[in-house]
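# Observations on the model geometry
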Amino acid sequence: MNTLSICILAAVVVATAGAILITRMIVEAKSKIAALASSKKNQSVVLPLRLQAYERMALFLERIDPNQLVMRIHSVGLTVAQEQSLLLTAIRSEFEHNISQQIYLSDSVWQKVCEAKSDIESIINTVAADYDKSADSREFAETVLAVTSQKPVVELAIQILKADMQKWAY
C-alpha cells in the first residue's frame, strides 16, 4: 500500500469517527432536551398536587387545633370520658382522611404534622387524667384550651409547613 492510500484511509477513518462523535452529541442533546421537557411537564402536574397537599395539611392542623376542635365537639351534658373520646376520635378521623398527602410533603414537614397530632392527643389525655371520668366536661374543655394556649403546637407546625411550602411555590 502506498502513502496516498494510507492517507486516504486515515482521512476516511477520521471523518467517520468525527461523524459518529457528532451524531452521538446530537442524540445526547436531544435526549437531554426531551428529559427536560418531560421534567417540566411532570413539574406542572406535581406542583399543584404538592401545593394542594400543603393546603390540606394546613386545614388539618387548623381542624385539630384544640381552639377549633373543642368548640366543634363540646356540648352540654358530656362527661370528661365522652368528650375525651370524641376529641381523640375527631383527631384520628381527620388524620386518616389526610394521610395520603404525606407523599407530597417533605419528610421533615410530615414529621412535624405527626408530632403536632401526637402532642395534642397527649395534652388531651394528660388533662383528662386529672379529672373524674364521669364529671361534666366543661371544666375539662376549658383546661385543654388553657394548656394548649401555653403550648402553641399547631401554630408552630403551620409555620414550618408554610416555610417548607415556600420552597416549592417560588
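Relevant structure appears above.
Residues numbered from 1 in each chain as written. Predicted model: local features only at pLDDT ≥ 70, side-chain atom pairs only at ≥ 80, totals over all residues. Heavy atoms only, no water.

### Examining the overall build of the chain
Here is the rule we go by: Labels follow the DSSP assignment, with helices taken as runs of H or I lasting at least four residues and strands as runs of E lasting at least two, numbered in each case from the N terminus. In this treatment the radius of gyration is a C-alpha quantity, and the globule benchmark scales as 2.2 Å times the residue count to the 0.38 power. Between buried and exposed lies partly exposed: a residue is buried under 20% and exposed over 50% of the maximum accessible area for its type, with that area taken using a 1.4 Å probe on protein chains only.
Counting its secondary structure elements, the chain contains six helices and zero strands. From first element to last, N terminus to C terminus, the chain shows the α and β order α-α-α-α-α-α. Scaling as 2.2 N^0.38, a compact globule of 170 residues should have a C-alpha radius of gyration of about 15 Å, whereas the chain reaches 31 Å, well beyond that. Along the three orthogonal principal directions, the C-alpha set of the chain runs to about 110 × 25 × 25 Å. Burial statistics for the chain: of 170 residues in total, 29% are counted as buried.

### Points about helix 2 (residues 66-73)
Count 3.6 residues to each turn of an α-helix, and residues three or four apart come out pointing the same way. Let me state the cut-off plainly: By construction, the arc corresponds to the directions joining the helix axis to the C-beta atoms.
Those residues of helix 2 lying buried are Pro66, Leu69 and Val70. End-on view of helix 2: buried residues confined to an arc of 95°, all on one side of the axis.

### Overview of the side chain of Asp65
Put simply, the rule reads: Positive charges come from Lys and Arg, negative ones from Asp and Glu, while His and the chain ends are left out of the count. We define a salt bridge as a contact between a side-chain nitrogen of Lys or Arg and a carboxyl oxygen of Asp or Glu at a distance within 4 Å. Any two residues whose heavy atoms approach within 4.5 Å at even a single point are treated as in contact.
Examined against the element boundaries, Asp65 turns out to sit in the loop between helix 1 (3-64) and helix 2. Despite being buried, Asp65 has no salt bridge partner; Arg72 is the closest side chain of opposite charge, sitting 9.1 Å away. In this structure, Asp65 is in contact with Val154 and Glu155, ignoring residues within four places of it in sequence.

### Looking at the side chain of Asn98
Note the threshold: Each polar contact in these results corresponds to two N or O atoms within 3.5 Å; when the atoms are within protein, one needs to be able to donate a hydrogen and the other to accept it, and residues that are neighboring in sequence are counted only if both atoms are side-chain atoms.
Take Asn98: it is sitting in helix 3 (residues 80-98). Given a relative accessible area of 5%, Asn98 falls into the buried group. A polar contact of 2.9 Å, which involves the side chain of Asn98, links it to the backbone oxygen of Glu94. In contact with Asn98, not counting residues within four places along its chain, are Arg56, Met57 and Phe60.

### Let's talk about the packing of helix 2 against helix 3
Stated precisely, the cut-off is as follows: Note on definitions: angles span 0 to 180 degrees between N-to-C directions of axes, and those axes are lines fitted to C-alpha atoms, for helices only across the stretch in contact. In these notes the angle categories are as follows: under 35 degrees is roughly parallel, over 145 is roughly antiparallel, 65 to 115 is roughly perpendicular, and the rest is oblique. For a crossing to be left-handed, the near helix must be turned anticlockwise from the far one by less than a right angle; the clockwise case is right-handed.
The contact between helix 2 and helix 3 brings their axes to 10 Å, and the two run at 120°. In terms of axis orientation, helix 2 runs oblique to helix 3. As helix 2 packs across helix 3, the resulting crossing turns out to be right-handed. Note on element contacts: helix 3 touches helix 2 through Glu83, Leu86, Leu87, Ala90, Ile91 and Glu94, opposite Leu69, Val70, Arg72 and Ile73.

### Concerning the packing of aromatic side chains
How we decide: Working definition: rings of Phe, Tyr and Trp (its six-membered ring) pair if their centres are within 6.5 Å, and the pair is stacked with planes under 30 degrees apart, edge-to-face with planes over 60 apart, and tilted otherwise.
Taken as a whole, this structure holds three aromatic pairs when the rule is applied. Taking the centre distance of 5.9 Å and the plane angle of 55° together, the rings of Phe60 and Phe95 count as tilted. Pair noted here: Phe60 is in helix 1 and Phe95 is in helix 3, with a separation of 35 residues, a long-range link. Judged by its relative accessible area of 14%, Phe95 is buried. Measuring from centroid to centroid gives 6.1 Å for Tyr131 and Phe140, while their planes differ by 80°, and the two rings are edge-to-face. With respect to class, Tyr131 is no different from Phe140; both count as buried.

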